[in-house]
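As a plain string of letters, each chain reads:
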Amino acid sequence: MSDNTDKDNGKNMNRRDILKGLATIPVFGLFLVNLWQKIRRDALRKSNLLGDLIQEKSPPAVISGLSDSRHLKLGIIGYGGRGSHLIRGAGFATKEWTDTVSENARKNKLDKQFETFMTQEDLNVSLVGVCDLFDVRAEQGINASKNEVRPGGKPKQTATRYTHYTDLLNIKDIDAVIVATPDHWHSRITIDAAKAGKDVYCEKGLTRTFDEAIKVYNEVKKTGITFQLGHQNRQVDANEKAKQIIKQGLLGKINLVELATNRNSPWGAWVWGIHPEGNAQTIDWDTFQEPSPNKIPFGEEALRRFFRWRCWFDYGTGLSGDLLSHDFDAINQIMDLGIPKYASSSGGIYFYKDGRDVPDVWNATFEYPDKDLTILYSATLSSNDPRGNRIMGHDATMQMGGQSGGGSVHGFIVKADSESTRYKDRLESGIISTQYPIYTYSPGSKQIDGITSATSRYFANKGLLYTYREGKRVDPTHLHVKDWLDAIRSGGQPKCDIEQALHEAVACHMATESYLQGKQMEWHEDTHTIEPVDKSKV
Amino acid sequence: MSGLDSSILKNKCQLYGLVTLRVLIGWHFLYEGVSKLINPYWSSAAYLLDSKWLFSGLAETIVSDPTLLTISDYVNMWGLTLVGASLLLGLFSRYTALIGMGFVLLYYLFAPPFLGLEYSKPGEGSYIIVNKNLIEACALWVIYSFPTSHIIGLDRFFPNRKSN
């Protein structure tokens, strides 16, 4: 074989050798040409799309430092499931919790809960007062204030228990309070705290009734306290990015927004565990039900109501205050919508026939005639099919969360509309396609989270569990508490201040009242009132 | 010593068949690698998270450690690119055929199409025990066993490196 002979004979390279040695170079060239064409095509496509997005070049959000180092003393009123999470956001967790999550992290390396807690910023606060009507939880709050396993190490001061919230508010030493009681206590505690000069972080929904919301609004405005409503979605980077994109007009004129809640578990439907130590001696039931319109004696039904209070209108507003409030606030954050002019809703108790009186399937519509916009909210507690939220514009649709939300945690995608005016030329020339997103935002795509339960995934998809700052996973609840503390120290306004809180509260109460009264409700901006729409005047 | 049986050297059809196989696999590896290099969002995490069978524990360890994951990403991106270029150009192809075989065998073993193993991502074909990774690994074994780069490829310019 001549090939072989040529080579074996040594260094005399002839033309044939060179040709055979370089024979695959043209294939490599072909590869490079194709690669270059593909890169160029992708870059062109991207520049055509993102050329419109000037703010795309803006730097990612960062966690700002504390505005000053003034040490603040906090009180917690209501140390239940949410209250304990908020206190963790402030940097205090029970020993039982830190033991459990550190053990979980040891067993499952993907479980980052412990790491996320321990690496959060030390907010320079002490937990000095705890008030809860259930002895076990009050003790847990005290325990959390003492636990040295926390960001920042050993706490400067530990907490005292107060059996009634007014006793806690009377303590001059306490600068600010976190209110995480059931909704029927929010207004009274917030108003009294404001009168006592304490700054307030109040968990959502703002209040149980519309009238209470107006009273809270007026008192907070009157006293000038620093008020934050507990919508931690305000800290989620994806929402801010979505806001930029919509502001740039990438979606075109928006006439319809769809918001959705899907859950399918007893826990997701508020059938929470009844604590084995809950009894007449450990629970102050009379105080618990004091502000509720209907009273019942202590017994098994009272225990159910104490631990599963979201199932009754006596203590909350069900889907409205718990889950619509989050989605409404997020869309209000993204689109600056304010209070709708009209709201109507309907639904029923179709799955959980367990004695509750709040609906488990519920749909609401909100009308903004001055903005040419309708918001549709649809919720079910008996299907886990994640629909996500959609902002539908003439030129493109933004899909947030849900199954097709970019496949990532609390990201979003934007897809062009086939009949878009703005993208008509680019669609026709094939630069963009309606099949693929023209924009994808998935901040956690390179981060791995051990989010396992369906409910966790629900919250994560809504951006309520984690957000990202400089590529690091952060709990938005921590950021939201920090935002409030920074505002207290600097004298500024936190991200979900009383104005934003009023928007959320009025929208949710209009929908709730519509369900209860069977009528469409109308908001009167001038008088700060709502009333059923008078059809005869329409 | 060519590393090829003289009957193959005489049979152009067999020789060019082997070269074509080498070049095509090289092309495939090269683009797999480059496409990952130019995509800032690519990570091996998604693949590793879906791992089943023997190496699922190892996959979890890699994914949960940012340093290991970064190493895994770089090894994959650059490994595939370099192996691909080497096979395509015919430079050190014999060694890189073995390395490439190692890559695809690992991909196979991290997610083998065995009965009873369910993956969250739907495959692009229907497989039981044998899938395209296993076939590509075997094809690389053939390339290793029947080296052609010293005849058609840059290795021809290194006549003294007979073992290649």
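Anything mentioned here points back to the structure above.
Residues numbered from 1 in each chain as written. Chains lettered and ligands numbered in written order. Predicted model: local features only at pLDDT ≥ 70, side-chain atom pairs only at ≥ 80, totals over all residues. Heavy atoms only, no water.

A. Expanded view of the overall build of chain B. Scanning chain B from N- to C-terminus turns up 7 helices and 0 strands. Moving toward the C terminus, one meets the helices and strands of chain B in the order α-α-α-α-α-α-α. Within chain B, buried positions represent 45% of all 164 residues. Accessible surface computed for chain B: about 8,300 Å², of which carbon and sulfur atoms make up 70%. (Helix = DSSP H or I, 4+ residues; strand = E, 2+ residues; numbered from the N terminus. Buried < 20%, exposed > 50% of the residue type's maximum accessible area, 1.4 Å probe, protein only. Areas by Shrake-Rupley, 256 points an atom, 1.4 Å probe, with all protein chains shown as cover.)

B. Quick look at the environment of Glu148 of chain A. Relative to the assigned elements, Glu148 of chain A resides in the loop between α7 (135–146) and β3 (160–161). Setting aside residues no more than four positions away along its own chain, Glu148 of chain A makes contact with Gly153, Lys154 and Pro155 of chain A. (Contact = heavy atoms within 4.5 Å.)

C. Up close: the pattern of salt bridges. Residue and element names in this part refer to chain A. One pass over the full model with this rule turns up 27 salt bridges over all chains. Close ionic contact of Arg161 with Asp135 constitutes a salt bridge, the shortest N to O distance being 2.9 Å. Taken as a pair, Arg161 in strand β3 and Asp135 in helix α7 lie far apart in primary sequence, 26 residues in all. The structure contains a network of salt bridges with shared partners spanning Glu301, Arg304, Arg305 and Asp314. (Salt bridge = Lys/Arg side-chain N within 4 Å of Asp/Glu carboxyl O.)

D. Quick look at helix α10 (residues 210–223) of chain A. Residues and elements named next belong to chain A. Over its 14 residues, α10 extends 20 Å from the first C-alpha to the last, a length consistent with the 20 Å expected when each residue adds 1.5 Å. Buried residues of α10: Phe210, Glu212, Ala213, Ile214, Val216, Tyr217, Glu219 and Val220, and no others. Looking at the buried side of α10, the elements it contacts are α9 (186–195), β6 (227–229), α18 (498–517), β17 (521–524) and β18 (529–532). Two or three places before Glu212, at the start of α10, stands the capping residue Thr209, its side-chain oxygen 3.2 Å from that residue's backbone nitrogen. Looking at the residues trailing α10, positive phi occurs at Gly224, about 75°. (Expected span 1.5 Å × (residues − 1). Polar contact = N/O pair within 3.5 Å; in protein donor to acceptor, adjacent residues only side chain to side chain.)

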